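What the coordinates show
Spelled out from the first residue to the last, the chains are:
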Amino acid sequence: MRKKTIIIRALLFGGAALILLFFPYIAQNRYQVHIINMAGIYIILSLGLNLAMGYAGQFNLAMGALWGVGAYTAGLLNTRLGLPFWINLPAAMIVAGLIGAIVGLPSLKVRSHYLAIVTIGLGEVINIILINEEKLTGGALGVSRIKMPNFFGFPINTDERFYYIILVVVILGFLVTRQILKHHIGRSFRAIRDDYQAAKAMGVNTAYYQILAFIISAAYAGAAGALFAHLNTYISPDIFEFKSTLFVMTMTMVGGMGSLAGSVVGGLTLPILQEYLRVIKDWQLVVYGISIMIVVLFVPGGVIELTRRMRNSRKIHWPWSPKPEEEKLEETNVSEN
Amino acid sequence: MNTTSIFIQTLIGGIGIGSLYALIALGYSMVYRSMGLVNFAHGSIYMVGTYLGIIWYTGLVLGLHVSYPVAFIIGVLLNGLLGVLLERIFRPLAKLDLMFMLLGTIGLGFVLDNLAVIIFGAEGFAVRSPLPNAPINIAGILVLPQMLLLICVSALLMVGLQVFLSTTKTGKAMRASAMDHDIASAMGIPVNRMNALTLAIGSGLAAAAGILAAPIVYVNPAMGAAVGLKGFAAAILGGLGSIPGAIAGGLVFGVVEAISAGFISSSYTKGIAFFVVVIVLMLKPSGIVGETVIEKV
């Protein structure tokens, strides 16, 4: 019996790995690859937001603006100084991380909805700076002609080739996040989320970990920004408005807040769903809004909770759902004191 | 034109737009106080309210051209009714965590915004003011008549609300049910009906704000997003849940916006206003008139 599950598991993972590896050859056209590339970027954003909101309980609603900071850092370093993608990616992560630390500072003083409006406000400030500092950022016109990367002389100039960079970054991002959560940092994050006062009383340096949560999530946003800038070769401030934060938050919650697999599921489904909903034109966002409300009202834990519920009620063990001992680590209970 | 009169003129403009924010902030604060719900669909409710009133005035429905005050009353009442209906959707949402509330109400906002696009079209229209368009001159200070109307009617509505809540039996019942749901229902107050009434008043005030400001701003289905966010910032600035706080927060936000537009930089207006909110919350985390809550383990 146990052998059977192992075989099923191996087959499933092997199949998934094959599809992931050869996706650009399976896809029917370049546009499909582009959508999956964007989904990969959204997964990275969602992982960052999940870490800050789902695990550390910190409202980082400046995520879209921080994404913009990363994209502009990479875009400007490339167009002004001619630096390649490989330098811009870490640079964007560092710059976004630093700005993220500033955005996170108010979390030491205000909580819950007050923190929400403060981070929304700081995100707006960042966006307004991007629009108005025309000499530096090109204003509302944005930055164009960003060069696509080059891998030891091999030009990565199509969506199909760029796909592999995104795949590697997403996998790395996922593994790093999982490692962070297993580490004592992750335990401190959850302690702060579940009970801030108690964590403090137990000797957790809450201020340090709160800021750290913001820095890490901002660094993820920075990486997503650098990828976005080099993939699309054109960026403008309107992409990074508050609505982008909402989109990332929606996918994180549809997937499952406080679950890494949820970020992957949400980050993949929403951009694809959006493409399919284009058929119904004007009704697209109405359907989108109604589905968000249904998820929130009936399955607040997202898709991941749905699989968990099905397993509990029918005693089915889905190969991808966590083992009982892992489950404790990935509780969906996201309480804000 | 000397600097003082320009300053006073800017100040009046700020108070005008501030009254609009204050009426929106009241909706956030009252609903938060009575249901514990942060309603991010309030900006969309404001937009719907504006349409529900203005369509009668501009003759979009059956070519009817009713007078402005009548259209105003129809809009406020219809939007109040919408608030009562929305109470059913908000009731389960109010029991969830802030994050879920946020997303659920934003989802509702999406639905309202895009239904408005489908019904009224994405492009907006300018509304003719019922009062003369020429600014009137009071001791060298030029003011738009519509702006004065906005300030005066908003002030009347705010005073009326305060009187209603503190003197009438229904108002007292509303305050009681906001204070403690269980005890209020033990005393025989229908808590859910009181919540519905609160939502009706909040939505009605939003419609009033929208219809009064319609001749000054441009009416379109996307108008709710920015005003909704600013109204929420104003409610937080004053102290979420407090009625005088919402009014103070709205006026402060409007005046800061107007002064920074007039004297500092017009392109950084929104940024400066939000930055002021951040600074105020850093200095006084519970808002201008909010009570400090001590967290317990």
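None of these values were measured; they are calculated from a predicted model.

**Observations regarding the overall build of chain A**
When helices and strands are tallied, chain A shows 15 helices and 2 strands. In terms of C-alpha radius of gyration, chain A reaches 20 Å, essentially the compact-globule figure of 20 Å for 337 residues. C-alpha extents for chain A along the principal axes are approximately 60 × 50 × 45 Å. Within chain A, buried positions represent 47% of all 337 residues. Taking as baseline every contact in chain A between residues at least 6 positions apart, the subset at least 24 positions apart corresponds to 78%.

**What to know about the overall build of chain B**
Within chain B one finds 11 helices and 2 strands. From first element to last, N terminus to C terminus, chain B shows the α and β order α-α-α-α-β-β-α-α-α-α-α-α-α. For 297 residues, the compact-globule estimate of 2.2 N^0.38 gives 19 Å, and the C-alpha radius of gyration of chain B, at 19 Å, lies within 12% of that figure. Viewed in the frame of its principal axes, chain B has a C-alpha envelope of about 60 × 50 × 35 Å. Here chain B holds 297 residues, and the buried ones make up 52% of them. Expressed as a percentage of contacts within chain B between residues at least 6 apart in sequence, the contacts between residues at least 24 apart total 76%.

**Observations regarding unusual backbone geometry**
Residue and element names in this part refer to chain A. Phi at Arg-145 takes a positive value of approximately 55 degrees, unusual for a residue other than glycine. When you line up the elements, Arg-145 lands in the loop between helix H6 (134–137) and strand E1 (150–151). Given 9 C-beta atoms within a 10 Å radius, Arg-145 is considered exposed. Positive phi is not limited to glycine here, since Thr-233 has a value of about 60 degrees. Examined against the element boundaries, Thr-233 turns out to sit in the loop between helix H10 (206–232) and helix H11 (242–255). We classify Thr-233 as partly exposed; it has 16 C-beta atoms within 10 Å.

**So, the interface of chain A and chain B**
Counting residues at the interface gives 40 residues for chain A and 37 residues for chain B. Among the secondary structure elements, those contributing two or more residues to the side of chain A that touches chain B are helix H5 (112–132), helix H9 (196–201), H11 and helix H13 (284–298) of chain A. At 12 residues, H5 of chain A tops the list of elements feeding residues into the side of chain A that touches chain B. When its residues are assigned to classes, the side of chain A that touches chain B shows 26 nonpolar, 9 polar and 5 charged.

**Observations regarding the nonpolar core**
Residues and elements named next belong to chain A. Core analysis: the largest hydrophobic core is formed by 195 residues, its most contacted members being Leu-45 and Ala-223. Among the elements that take part in this core, H10 stands out by supplying 18 residues, more than any other. Residues within four places of Leu-45 in sequence aside, it is in contact with Met-63, Trp-67, Tyr-220, Ala-221, Ala-224 and Val-248.

**Some thoughts on H11 of chain A**
For an α-helix, the turn length of 3.6 residues means that residues three or four places apart are oriented alike. Between its terminal C-alpha atoms H11 of chain A stretches 20 Å, which fits the 20 Å expected from 14 residues at 1.5 Å a residue. Across the 14 residues that make up H11 of chain A, a large majority, 11, are buried.

**Comments concerning helix H4 (residues 98–120) of chain B**
The end-to-end C-alpha distance of H4 of chain B is 32 Å, a good match for the 33 Å that 23 residues give at a rise of 1.5 Å each. Once H4 of chain B finishes, Gly-121 of chain B follows within two positions and takes phi at roughly 90 degrees, a positive value.

**Section: the confidence of the model for chain B**
Residues and elements named next belong to chain B. Chain-level pLDDT for chain B is 89 on average; 97% of the residues reach the 70-or-more range. No element of chain B has a lower mean pLDDT than strand E1 (residues 136–138), at 82, and none a higher one than helix H8 (residues 191–213), at 94. Predicted as a complex, the structure gets a pTM of 0.87 and an ipTM equal to 0.84.

**Observations concerning the packing of helix H3 (residues 63–81) of chain A against helix H4 (residues 85–104) of chain A**
All names here are of chain A. For the pair H3 and H4, interaxial distance at closest approach is 8 Å and the crossing angle is 140 degrees. Between H3 and H4, the angle is such that the two are oblique. The element H3 and its partner H4 pack so that their crossing is right-handed. Across from Leu-66, Val-69, Gly-70, Thr-73, Ala-74, Leu-77 and Asn-78 in H3, the residues of H4 making contact are Asn-88, Ala-91, Ala-92, Met-93, Val-95, Ala-96, Ile-99 and Gly-100.

**Regarding the confidence of the model for chain A**
For chain A, the mean per-residue pLDDT works out to 87, and 92% of the residues sit at or above 70. Low pLDDT, under 50, characterises residues 325–337 of chain A; the predicted model gives this stretch 29 contacts beyond four residues in sequence or across chains.

**Some remarks on the packing of helix H8 (residues 184–194) of chain A against H10 of chain A**
Residues and elements named next belong to chain A. Running from N to C, H8 and H10 cross one another at 105 degrees; their axes reach a closest spacing of 10 Å. Taken as axis vectors, H8 and H10 run roughly perpendicular relative to one another. Mapping the contact onto sequence places Ile-185, Ser-188, Phe-189 and Ile-192 in H8 and Thr-206, Tyr-209, Gln-210, Leu-212 and Ala-213 in H10. The residue inventory of the contact of H8 with H10, partitioned by class, reads 6 nonpolar, 3 polar and no charged.

**Some words on the environment of Tyr-32 of chain B**
Residues and elements named next belong to chain B. Topologically, Tyr-32 is positioned in helix H1 (residues 3–35). Residues Tyr-32 and Ala-94, spaced 62 residues apart in sequence, show a C-alpha to C-alpha distance of 9.2 Å. The residues touching Tyr-32, leaving out its near neighbours within four places in the chain, are Leu-37, Val-38, Leu-240 and Gly-241.

Rules used in this analysis
- Residues numbered from 1 in each chain as written.
- Chains lettered and ligands numbered in written order.
- Predicted model: local features only at pLDDT ≥ 70, side-chain atom pairs only at ≥ 80, totals over all residues.
- Helix = DSSP H or I, 4+ residues; strand = E, 2+ residues; numbered from the N terminus.
- Rg over C-alpha atoms; globule rule 2.2 N^0.38 Å.
- Buried ≥ 20, exposed ≤ 12 C-beta atoms within 10 Å, placed from the backbone.
- Contact = placed C-beta atoms within 7 Å.
- Nonpolar A, V, L, I, M, F, W, Y, C, P; charged D, E, K, R; others polar.
- Core = buried A, V, L, I, M, F, W, Y, C linked by C-beta atoms within 7 Å.
- Expected span 1.5 Å × (residues − 1).
- pLDDT = per-residue confidence, 0-100.
- Axes fitted to C-alpha atoms, helices over the stretch in contact; angles between N-to-C directions.
- Parallel < 35°, antiparallel > 145°, perpendicular 65-115°, else oblique.
- Left-handed = near helix turned anticlockwise from the far one by under 90°.

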